[in-house]
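Structural overview
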Amino acid sequence: PTHIRAMVLDGDVDSSIAFLTQTEQQADGLTTNYKEFLRRCTASAACPMGPNPGAAITTLLNQLDAKPVASDSGRMVGRGEALVALLASMYDARVWDQVSAIFGQAISAGDVNGLQLLSDLYSGRHASGFDHQMESNFAINCVDEQVPLDVATYDAEAAKTEARDPFFGDAGVYGSLPCAYWPVQGPAPKPVSVTGAPPIVLVGATNDPATPYIWSQGLQKQIAGSVLLTRDGFGHTSYEVSTCIAGHVDSYLFDLTVPAAGITCPSNV
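If you're wondering where the values come from, they're calculated on a predicted model, not measured in any experiment.

With that out of the way, let us pick up unusual backbone geometry. Despite not being glycine, Thr237 has its phi angle at roughly 65°, a positive value. Tracing the backbone through its elements, the reader meets Thr237 in the loop between β7 (227–234) and α10 (243–255). On the accessibility criterion, Thr237 (26% relative accessible area) is partly exposed. The phi dihedral of Leu256 falls on the positive side, at around 60°, and the residue is not glycine. Note on placement: Leu256 falls in the loop between α10 and β8 (264–266).

Put plainly, a disulfide is one covalent bond tying together the sulfur atoms of two cysteines. Per the counting criterion, the structure on display carries three disulfides. Ordinal numbering of bonded cysteines along the chain defines a disulfide pattern of 1-2, 3-4, 5-6.

Summed over all chains, the structure comprises seven aromatic pairs. With 6.2 Å between their ring centres and 80° between their planes, Tyr34 and Phe168 make a pair best called edge-to-face. Residue Tyr34 is found in helix α1 (residues 19–43), and its partner Phe168 is found in the loop between α7 (151–164) and α8 (169–174); the two are separated by 134 residues along the sequence. There is no split in this pair, since Tyr34 and Phe168 are both buried.

Cut-offs used in this document
All residue numbers here refer to positions counted from 1 along the written sequence of the relevant chain. Where totals are concerned, whole chains, interfaces and linings use all residues; where local detail is concerned, this predicted model gives features only for residues with pLDDT of at least 70, and gives and counts side-chain atom pairs only at 80 or more. In computing side-chain properties, one takes all heavy atoms of the structure into account and sets aside hydrogens as well as water. Working definition: helices are DSSP H or I runs of at least four residues, strands are E runs of at least two. Numbering for both runs from the N terminus. Relative accessibility under 20% of the residue-type maximum defines a buried residue, over 50% an exposed one, and the middle range a partly exposed one, all with a 1.4 Å probe and only protein chains included. Whenever a pair of cysteine sulfur atoms sits within 2.5 Å, that pair is classed as a disulfide. Any pair of Phe, Tyr and Trp rings, taking the six-membered ring for Trp, is counted once the centres come within 6.5 Å. Such a pair is stacked with planes under 30 degrees apart, edge-to-face with planes over 60 apart, and tilted for the rest.

Here it is in structure tokens:
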């Protein structure tokens, strides 16, 4: 704490929440963003996915599940790649118009190149191979978090979460399964203990799909003297999508002007 001049955390994680519960809450957040994605497209003058984009996407996923389609690269795009493309798109509402067009092309013309591109961006795949974000993510999470070791627990949690989050529920839960086989187990969930630090500014968005707002609220209660800046909006993290948030953050980092308690900022998109 004595080595902190100023600290801002954007997209906060509450380590007092069990890891599988975190994945369930993320699935809920992804579904909330997905519903808003569909609503915005439906409300537009001409949604590229048609008048009922939700039904169109469900049909597309079922078709790709039954019969994957080759992209121009010759690689096959199935339900899994399309779901990864959809999940990745929920992180940033600024790209939703382009994502609507990409899914529209797949729905109307069978063109899956855009879906493959989105999936590759998320998984770190490029022309010469993969980057290491996926394995580094596991390497960090698996030693940060304690997870159940029996597969039956994952089966039960996945079934429960899929019932309310059919696209993202089971994927999130089973996505944590590698940690059950990791050679080092992480600690049990517990609150952070921070004392003696200057004010730490936390930033949370009300509909963040990756780091849900309740995590920011929970962390704010655990860090004495911290201040929570709230962004009203969708997508993951806030600094780059709200000039209001950026202004308060910059004022603190540059001039040590601590934001007042209870500030809520709008999104740019």
